[in-house]
Amino acid sequence: MKRYYLVTTEHLEDALWFRDQEDFAVGMNMVAVQASMSLAVVLVFILMSNHVHFVLYGTGEEVEVFIQRFKGRYSQYYCRKWRTKELLRLNKVDIKELPSEQEARERAIAYVMMNCVAAGICTHPSLYPWGCGSALFAVQVGGIGNYVAGGDGRDGISEGKLAGSSRKIGGLSRRAQARLLHSTVANLPDEWAFSDAGYVLPESYIGVNKVEQLFRTPQRLDYFLRTSSKAKRRLEIGEELIPAFKDQVILGAIPDLCQSLFQKNRFEDLAQHQKTEVLRQLRYRFSACPNQLARVCGLTYDDTARLLDAV
């Protein structure tokens, strides 16, 4: 029997799933590819720097196949690009069935969508490109609570959501599709749309109807976003939330910092006292916490804390 499931991968402590914008775009396309091949339905998802979340609808077996094949596809791409032996083989996955009682499904969906807000990256999930925050009900134009009514979404793609700089997959040759999707076996529906950023728009394939029927109104979705356990603490700070520096921004600054301080090109080439100074500078310049520094520098949390304590 098909049910609702919250799927979460373990947070990588000393590495990133997505090191740059291309990685995120490829990850988005691999969600689309897997959605086109799977019997499980993607309801919502988000790609964060060092983990991913999904709410899926299907049987337990369909859900497990979906996440394992998605991980496998993306890991192969990542290892080829960054010349590493493995990334996600040991990355554990937690799959929890969501009961219909106590609004568990609504809360899980809001929890997934609000990850980017809780991380301080943006002030609303609709402003985060690597997920489906802007695909539900309508395009969002302001802070939380400012949804603008869109189309009816009868076919899963609301009118207006594909407006602007998007094109249909059917307009691409098979070779162009393979380049876009990093897959020669995918056969996406011609009406699915992709953006100029190079990834298939989530509103093409997520279960828009199913999610909107679950929440019934934009206002009810707004309520669950506001009261999400993942983001409630940040929202209580005030309306003017200051986005944090993304992992990719700090990662891009590390080579220049290593070069300017110690004439070395890589963090890995530094002596221990030099690594300590780079960590100290990153913490000062980017207000980065030890967990974030560990991810971008490829260290364990304990090693990062030990080096920072040596300052």
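Note: the structure precedes this text.
Cut-off values and rules
Residues numbered from 1 in each chain as written. Predicted model: local features only at pLDDT ≥ 70, side-chain atom pairs only at ≥ 80, totals over all residues. Heavy atoms only, no water. Helix = DSSP H or I, 4+ residues; strand = E, 2+ residues; numbered from the N terminus. Buried < 20%, exposed > 50% of the residue type's maximum accessible area, 1.4 Å probe, protein only. Contact = heavy atoms within 4.5 Å. Expected span 1.5 Å × (residues − 1). Core = buried A, V, L, I, M, F, W, Y, C linked by side-chain atoms within 4.5 Å. Pairing = 2+ DSSP bridges.

Colleague: In this structure, what is going on with the overall build of the protein chain? I would like to understand it.
Modeller: Of the regular secondary structure elements, the protein chain holds twelve helices and six strands. Looking at the 311 residues of the protein chain, the share that counts as buried comes to 51%. A fraction of 68% describes how many contacts in the protein chain between residues 6 or more apart in sequence connect residues 24 or more apart.

Colleague: Whenever I open this one, helix H10 (residues 272–286) confuses me. Can you help?
Modeller: Because an α-helix completes one turn every 3.6 residues, residues spaced three or four positions apart along the sequence face the same direction. When the terminal C-alpha atoms of H10 are compared, their 21 Å separation across 15 residues agrees well with the 21 Å that a helix rising 1.5 Å per residue should span. Taken together, the buried positions of H10 are Gln 274, Lys 275, Thr 276, Val 278, Leu 279, Gln 281, Leu 282 and Phe 286. If you follow the buried residues of H10, they end up packed against helix H9 (247–262), helix H11 (290–297) and helix H12 (301–309). Ser 287 sits one or two residues past H10 and shows a positive phi near 50 degrees.

Colleague: Would you mind going over the nonpolar core with me for this structure?
Modeller: One broad rule of soluble globular proteins: the nonpolar side chains tend to lie buried together. Formed by 74 residues in total, the largest nonpolar core has its most connected members in Phe 45, Leu 47, Phe 54 and Tyr 74. For this core, the element with the most residues is helix H1 (residues 21–37), which contributes nine residues. If we ignore the near neighbours within four places in the chain, the residues touching Phe 54 are Tyr 5, Leu 6, Val 7, Val 31, Val 42, Val 44, Phe 45, Phe 66, Ile 67 and Phe 70.

Colleague: Sorry if this is basic, but what is going on with the pairing of strand E1 (residues 3–9) here?
Modeller: Remark: a regular strand shows side chains that alternate across the two faces of the sheet. Among the seven residues of E1, six are classified as buried, and the element is accordingly described as predominantly covered. With six bridges connecting them, E1 and strand E3 (residues 51–58) associate as antiparallel partners. Considered in E3, the bridge of Tyr 4 is made with Tyr 57.

Colleague: How should unusual backbone geometry be read in this particular structure?
Modeller: Phi is positive for Glu 103, close to 55 degrees, though the residue is something other than glycine. Its place among the elements puts Glu 103 in the loop between strand E4 (93–98) and helix H3 (104–113). A positive phi angle is found at Arg 216, which is not glycine, with a value near 75 degrees. Secondary-structure assignment places Arg 216 in the loop between helix H6 (208–215) and helix H7 (218–226). Taking relative accessible area as the criterion, Arg 216 reaches 56% and is therefore assigned exposed.

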